[in-house]
Amino acid sequence: MAVSRDFFESQVLDLLGCLHGVARRLTCHDADAEDLVAETVERAWRARDTLHSQEAFRSWIFRILNNTFISERRRQAARPQTESLDCEEDGDEAEFSIFEQLHQPFLLWFSTPEQAFVDGLLRADLERALARLPEAHRMIVVLSDLEELNYAEIADLLGIPIGTVRSRLARARCKLQKILWQQARAYGLKAAQPGEDAAEHPGRTRALQAQPEDHGGGS
Amino acid sequence: MTRPTLDCEQVIAQIFDYLDHELDAERSEAIEQHLHQCKSCFSRKEFERRMLAKVGDLRREAVPDALNERIRGLLRRF
């Protein structure tokens, strides 16, 4: 379809925050994120004839951003690729749940440790945990949980089956929870044991300011 | 048609699909029926829902002024 300059510009400016957010979390580097967004916009303009409908603009440009990111990663000979973009099968991360770690059925009608844990999460905790996810997991969590693309859109964007989206997203979310749990434990969180006063272990995390290197950070 | 009855294991296995609105109406209703009756699964569903909302809140961030200017400059050249 013919794409007018005005339409293209309005769509890009509308989506600029989302594009930047996704780029920043993919690259984990502010300057690289800005370069990625700029490169994406240029490539999208050059490829505007491939847009099938105005309604598809968002998923179309996200696909271009994703492909641009992958191409750039493979091209960077100076920065050796330290991890594969493919997902490996995880071990216990595939089923890890903070809920299972903290939930105590007899507390159902009172404050619950698992809810306190979520309520205590700070933006910095989540940003750090997200950055520590492997790229493929980080990508799918960003597309689904931040940008709210549905499974079909993600499948189309990443060129994978919907079933793979479903399973990869579940693993990624579990892995994210495991990282959050490990971060919290590094700061002294203890799961309340039966017989202990749950109030002594509120499940609150702290923002990781000058934290020690623990499990190897993300990129 | 008889609505399928789900056990806790089946509900937890589909909890993300449910929260992502990726299930058909029949499966969603079956899960909701279970959640009405099972406090533990309801708590789990609420936990995962709130966790997803927390992650989703990361979306809100301002575009750096420099990037804004850079992209606007780019667009003017098209």
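Residues numbered from 1 in each chain as written. Chains lettered and ligands numbered in written order. Predicted model: local features only at pLDDT ≥ 70, side-chain atom pairs only at ≥ 80, totals over all residues. Heavy atoms only, no water.

J.: Explain the side chain of A:Asn66 to me, please; I cannot follow it from the model alone.
T.: Within the fold, A:Asn66 resides in helix α3 (residues 57–75). Beyond its immediate stretch of four places on either side in the chain, A:Asn66 contacts A:Met139, A:Leu157 and A:Leu158. (Helix = DSSP H or I, 4+ residues; strand = E, 2+ residues; numbered from the N terminus. Contact = heavy atoms within 4.5 Å.)

J.: Before we go on, may I ask you to explain the pattern of salt bridges in this structure?
T.: Working definition: two side chains of opposite charge can pair if their charged atoms are close together. Overall, the coordinates contain 19 salt bridges over all chains when judged by the stated rule. One salt bridge in this structure joins B:Asp20 and A:Arg173, with 3.0 Å as the shortest N-O distance. Taken as a pair, B:Asp20 in the loop between α2 (15–19) and α3 (25–37) and A:Arg173 in helix α9 (residues 162–186) lie in two separate chains rather than in one. The exposure class assigned to B:Asp20 is buried, which follows from its relative accessible area of 17%. Here B:Glu48 makes a salt bridge to B:Arg44, at a shortest N to O gap of 2.9 Å. Taken together, the residues span about one helical turn, with B:Glu48 and B:Arg44 both in helix α4 (residues 39–56) at a distance of four residues. (Salt bridge = Lys/Arg side-chain N within 4 Å of Asp/Glu carboxyl O. Buried < 20%, exposed > 50% of the residue type's maximum accessible area, 1.4 Å probe, protein only.)

J.: Could you clarify how one ought to interpret the confidence of the model for chain B in this entry?
T.: A low pLDDT score tells you not to read the predicted coordinates there in detail. Residues and elements named next belong to chain B. Per-residue confidence for chain B gives a mean pLDDT of 91, with 95% of residues at or over 70. Within chain B, the lowest mean pLDDT, 93, falls on α4, and the highest, 96, falls on α2. The ipTM for the predicted assembly is 0.87, set against a pTM of 0.76. (pLDDT = per-residue confidence, 0-100.)

J.: Help me understand the environment of A:Asp145 in this model?
T.: Here A:Asp145 shows up in helix α7 (residues 135–146). In this structure A:Asp145 comes out as buried when scored by relative accessible area, which is 9%. For the pair A:Asp145 and A:Leu169, spaced 24 residues apart in the sequence, the C-alpha separation amounts to 9.5 Å. Once residues within four sequence positions are removed from consideration, A:Asp145 is found in contact with A:Arg173, B:Leu52, B:Val55 and B:Gly56.

J.: Before we go on, may I ask you to explain the nonpolar core in this structure?
T.: Core analysis: the biggest nonpolar cluster contains 68 residues, and A:Phe8, A:Phe57, A:Ile98, A:Leu180 and B:Ile71 have the highest contact counts within it. With ten residues, the single largest contributor to this core is helix α1 (residues 5–27) of chain A. Dropping the residues within four chain positions of it, A:Phe8 is found in contact with A:Val3, A:Val41, A:Ala44, A:Trp45, A:Phe57, A:Trp60, B:Leu75 and B:Phe78. Within the second largest apolar cluster, 13 residues are counted, among which are B:Leu23, B:Ala30, B:Leu35 and B:Cys38. (Core = buried A, V, L, I, M, F, W, Y, C linked by side-chain atoms within 4.5 Å.)

J.: Explain the interface of chain A and chain B here, please?
T.: How big an interface is tends to be stated in terms of the accessible area lost upon association of its parts. If you look at the interface, chain A gives 49 residues, while chain B gives 34 residues. Contact with chain B buries surface across chain A, with A:Phe99, A:Val118 and A:Arg173 losing the most and accounting together for 14% of the total. Listed by contribution, the elements that provide at least two residues to the side of chain A that touches chain B are α1, α2 (30–46), α4 (98–102), α5 (113–120), α6 (123–132), α7 and α9 of chain A. The residue makeup of the side of chain A that touches chain B, split by class, is 24 nonpolar, eight polar and 17 charged. (Buried area = accessible area lost by both parts, 1.4 Å probe. Nonpolar A, V, L, I, M, F, W, Y, C, P; charged D, E, K, R; others polar.)

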